[in-house]
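What follows is each chain in one-letter form.
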Amino acid sequence: MKNSETIQMTHSGSKDSNGNRFTQTYDRLLSEYKSKEYGYATLAILGQSCLGGIAAMLILSVDSSFGLKIAQLFLVTLLTMGYNAAVLAQLKSKTAFAILLLSVVFSSIVIIAHLF
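All of the points below concern the structure found in this document. Treat the numbers as computed from the prediction; the structure is a model and nothing was measured.

Conventions used here
- Numbers given for residues are sequential positions, taken from 1 along each chain in its written order.
- Two thresholds apply to this predicted model, a pLDDT of at least 70 for residue-level local features and 80 or more for giving and counting side-chain atom pairs, whereas whole-chain, interface and lining totals are computed over all residues.
- Side-chain numbers here rest on the full set of heavy atoms in the structure, without hydrogens or water.
- Geometry is summarised by axes, namely lines fitted to C-alpha atoms with helices restricted to the contacting stretch, and by angles between N-to-C directions that run from 0 to 180 degrees.
- For helices the rule is a DSSP run of H or I covering at least 4 residues; for strands it is a run of E covering at least 2, with both sets numbered from the N terminus onward.
- Angle categories: roughly parallel below 35 degrees, roughly antiparallel above 145, roughly perpendicular from 65 to 115, and oblique for all the rest.
- Here a crossing is called left-handed whenever its near helix is offset anticlockwise from the far helix by less than a right angle, and right-handed whenever the offset is clockwise.
- Contact between two residues is taken to exist if any of their heavy atoms lie within 4.5 Å; hydrogens are not considered.
- Three categories are distinguished: nonpolar for Ala, Val, Leu, Ile, Met, Phe, Trp, Tyr, Cys and Pro, charged for Asp, Glu, Lys and Arg, and polar for the others, with Gly belonging to the last.
- To qualify as a nonpolar core, a set must consist of buried Ala, Val, Leu, Ile, Met, Phe, Trp, Tyr and Cys residues joined through side-chain atoms within 4.5 Å.
- Each residue is placed in one exposure class: buried if its accessible area under a 1.4 Å probe, protein chains only, is under 20% of its type's maximum, exposed if it is over 50%, and partly exposed if it falls in between.
- The working definition used for a salt bridge is a side-chain nitrogen of Lys or Arg within 4 Å of a carboxyl oxygen of Asp or Glu.

One can describe the packing of helix 3 (residues 66-88) onto helix 4 (residues 93-115) by two numbers: an axis separation of 9 Å at closest approach and a directional angle of 150°. The angle between helix 3 and helix 4 places the two elements in the roughly antiparallel class. At the point where helix 3 passes helix 4, the crossing takes the left-handed sense. Across the interface between the two elements, Gln 72, Leu 75, Val 76, Leu 79, Thr 80, Gly 82, Tyr 83 and Ala 86 from helix 3 touch Ala 96, Ile 99, Leu 100, Leu 102, Ser 103, Phe 106, Ser 107, Val 110 and His 114 from helix 4. Residues of the contact of helix 3 with helix 4, tallied by class, amount to 11 nonpolar, six polar and no charged.

Structure, rendered in structure tokens:
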């Protein structure tokens, strides 16, 4: 048993698998965000605030029920301002990045839904 080696096995059967593409991409983007956080936070505040403003404009310009408009506007504003507050409060990079992704994805979904 002196010369025996342990063979590492993964559940998928391949040695090089470190998760799916989504988690690999998320981890890569998060590490990039962490490495230059102040620069990316500044750009992200500008970009996601503009995206949130476009989403709010489209929500208010479409004819729909008042309650639906207010609910959508509330969520867009909450997420957009939430990221701005997370940066100002200097929350952990991972938390701020998660809020940023949530804000961008939700605003994009609202914009696409109102354009088509």
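Before going further, it helps to spend a moment on the nonpolar core. Membership of the largest hydrophobic core is limited to nine residues, which are Leu 30, Tyr 33, Ala 41, Ala 44, Tyr 83, Ala 86, Ala 96, Phe 97 and Leu 100. Of all the secondary-structure elements, those providing two or more residues to this core are helix 1 (21-35), helix 2 (37-61), helix 3 and helix 4. If you look at the next biggest cluster of nonpolar residues, it comprises eight residues, including Ala 55, Ala 56, Val 110 and Ile 111.

The next subject is the pattern of salt bridges. Counted by the stated rule, this structure contains one salt bridge. The closest approach of N and O atoms between Glu 32 and Lys 36, which form a salt bridge, is 3.4 Å. Glu 32 gets classed as partly exposed once you look at its relative accessible area, which sits at 31%.

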